[in-house]
Amino acid sequence: MTAAPTRAVSGQGRGVGCGPGSASGRARAWRAEWAKLRTVPSTWWLMFAVVGLTVLLGAAAAEGVDTDQCRTPSSCHEDTVKLSLTGVWVGQAAVAAFAVLAVAGEYGTGMVRVTLTAIPDRLRVLAAKASVVGAVTAGAALVAIAGSVLVGQFLLAGNGFTRANGYAPLSFTDGPTARAVFGSVAYLVLIALLSVGVAFLVRDTAGAVGGVLALLYAFPIAASLVSDDTWKEWLTRSAPASAGLAIQSTRDLDQLAIGPWAGLGVLALYAAGALVAGGAALWHRDA
């Protein structure tokens, strides 16, 4: 290896290359990341998993309820939109695995050295990786969320959740439903960005996946085990998953521990913090 590439990889040429503000440099980095992602079979398997798990679990949740015991919305208080989107709770695990593999997989194979030799500007690498992972996740999430709502609408109607019983059909043009749908897409994109940041920080696939899943699932489990209402509410408001998933609620918003947009903001702060930490680690450490 020549002296110049070695300096770029070891961290002494981090800001050189195509020019920090160069549009062509950003496009080249984005194309490189997209080429890597689309040629890895695991990318598409995991995106199919995101769609399949989200839709199937949402369908199971919708099929499991009916109006036999509560014929009217006032007596049932069933949030049919949130019910249809239950599958996001499992689909997020596939999103986390996909995003971590997109980063940590390169560290495992040593491909990261080639990447940083070709594009010495490390923050550009981080931005390109995050934007491509986020874009792919957004596409799969939109299919998964729209599919969940459509399947849920069909199944719920068969279980008595009809206009005749006081339940309006789910509609993407309804304000709360649209917020839950597009907010859920944003939720999964933020999970992907959080995972990218953690992967750059940890640089190990198993460790990064384990860390992200612990963040997503350990907090809600802890909240369910706590008997003190104050601590339970604090854990719910502070956890990235339970706070972020408040965006799916369309009924009884005054009973939530945190509001829909505020909850998504909590998750956004986690994602931003992870990207900053991951970027700092990428900048200061050798590949």
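Residues numbered from 1 in each chain as written. Predicted model: local features only at pLDDT ≥ 70, side-chain atom pairs only at ≥ 80, totals over all residues. Heavy atoms only, no water.

A. Spatial organisation of the packing of aromatic side chains. Going through the model one piece at a time under the given rule, you end up with 4 aromatic pairs. Here tryptophan 34 and tryptophan 44 contribute two aromatic rings whose centre-to-centre distance is 6.2 Å and whose plane-to-plane angle is 90°, an arrangement assigned as edge-to-face. With a gap of 10 residues between them, tryptophan 34 in helix α2 (residues 23–38) and tryptophan 44 in helix α3 (residues 41–63) connect regions that are remote in the sequence. With relative accessibility at 35%, the residue tryptophan 44 sits in the partly exposed group. (Phe/Tyr/Trp six-rings, centres within 6.5 Å; stacked < 30°, edge-to-face > 60°. Helix = DSSP H or I, 4+ residues; strand = E, 2+ residues; numbered from the N terminus. Buried < 20%, exposed > 50% of the residue type's maximum accessible area, 1.4 Å probe, protein only.)

B. How the structure looks around the packing of helix α6 (residues 88–109) against helix α7 (residues 111–118). At a minimum axis separation of 5 Å, α6 and α7 run at an interaxial angle of 105°. Here α7 runs roughly perpendicular to α6, going by the angle between their axes. On α7, the residues touching Glu106, Tyr107 and Thr109 of α6 are Met111, Val112 and Thr115. A per-class count over the contact of α6 with α7 returns 3 nonpolar, 2 polar and 1 charged. (Axes fitted to C-alpha atoms, helices over the stretch in contact; angles between N-to-C directions. Parallel < 35°, antiparallel > 145°, perpendicular 65-115°, else oblique. Contact = heavy atoms within 4.5 Å. Nonpolar A, V, L, I, M, F, W, Y, C, P; charged D, E, K, R; others polar.)

C. Structural context of unusual backbone geometry. Even without being a glycine, arginine 203 presents a positive backbone phi close to 65°. For arginine 203, the location among the structural elements is in the loop between α9 (175–202) and α10 (205–225). The phi dihedral of aspartate 252 falls on the positive side, at around 50°, and the residue is not glycine. On the secondary structure map, aspartate 252 appears in the loop between α12 (240–244) and α13 (260–284).

D. Up close: a nonpolar patch on the surface. Among the surface-exposed residues, Trp44, Trp45 and Phe48 lie close enough to one another that they form a single nonpolar patch of about 430 Å² accessible area. Looking at the element boundaries, tryptophan 45 is found in helix α3. By relative accessible area, tryptophan 45 is classed as exposed at 66%. (Patch = residues over 30% accessible without salt bridge, like charges linked within 9 Å, V, L, I, M, F, W, Y side chains within 5 Å. Areas by Shrake-Rupley, 256 points an atom, 1.4 Å probe, with all protein chains shown as cover. Salt bridge = Lys/Arg side-chain N within 4 Å of Asp/Glu carboxyl O.)

E. Representation of the environment of glycine 279. Tracing the chain through its elements places glycine 279 in helix α13. Taking the relative accessible area as the measure of exposure, glycine 279 reaches 5% and is therefore buried. Separated by 153 residues in the primary sequence, glycine 279 and leucine 126 have C-alpha atoms spaced 6.6 Å apart. Look past the residues within four positions of glycine 279 in its chain and what remains in contact with it is Leu123 and Leu126.

F. Spotlight on the pattern of salt bridges. Per the stated rule, a full pass over the model turns up 4 salt bridges. For the salt bridge of lysine 36 with glutamate 33, the shortest nitrogen-to-oxygen distance reads 3.0 Å. One end of the pair is lysine 36 and the other is glutamate 33, both in helix α2 and 3 residues apart, which spans about a single turn. As far as burial versus exposure is concerned, lysine 36 and glutamate 33 are alike and both buried. Ionic pairing is found between lysine 36 and glutamate 106, a salt bridge with its closest N-O pair at 2.9 Å.

G. Quick peek at the side chain of lysine 129. Considering the arrangement of structural elements, one finds lysine 129 in helix α8 (residues 122–158). When its relative accessible area of 4% is taken as the criterion, lysine 129 is described as buried. Of note is the side chain of lysine 129, whose polar atom sits 2.9 Å from the backbone oxygen of alanine 102. In this structure lysine 129 touches Glu33, Lys36, Ala102, Val103, Glu106 and Phe200, once residues within four positions along its chain are discounted. (Polar contact = N/O pair within 3.5 Å; in protein donor to acceptor, adjacent residues only side chain to side chain.)

H. Structural view of the side chain of glutamine 248. Take glutamine 248: it is sitting in the loop between α12 and α13. We classify glutamine 248 as buried; its relative accessible area is 4%. If we ignore the near neighbours within four places in the chain, the residues touching glutamine 248 are Asp79, Val81, Lys82, Leu85, Val88, Arg179, Ala180 and Ser184.

I. Looking closely at the confidence of the model for the chain. Mean pLDDT over the chain stands at 86; residues scoring 70 or higher make up 89%. Taken element by element, the chain is modelled with least confidence in helix α1 (residues 3–10), mean pLDDT 39, and with most confidence in α9, mean pLDDT 96. Contacts of residues 1–13 to residues separated by more than four positions or lying in other chains number 18 contacts, the stretch itself having pLDDT below 50. A low-confidence stretch, residues 15–21 (pLDDT under 50), is modelled with 15 contacts involving residues beyond four sequence positions or located in other chains. (pLDDT = per-residue confidence, 0-100.)

J. Summary view of the packing of α6 against α9. The contact between α6 and α9 brings their axes to 8 Å, and the two run at 35°. Classified by chirality, the crossing of α9 by α6 is right-handed. Together, Val88, Gln92, Val95, Ala96, Ala99, Val100, Val103, Ala104 and Tyr107 of α6 and Tyr187, Leu188, Ile191, Ala192, Ser195, Val196, Ala199 and Phe200 of α9 make up the contact between the two elements. Among the residues making up the contact of α6 with α9, the classes are represented as 15 nonpolar, 2 polar and no charged. (Left-handed = near helix turned anticlockwise from the far one by under 90°.)

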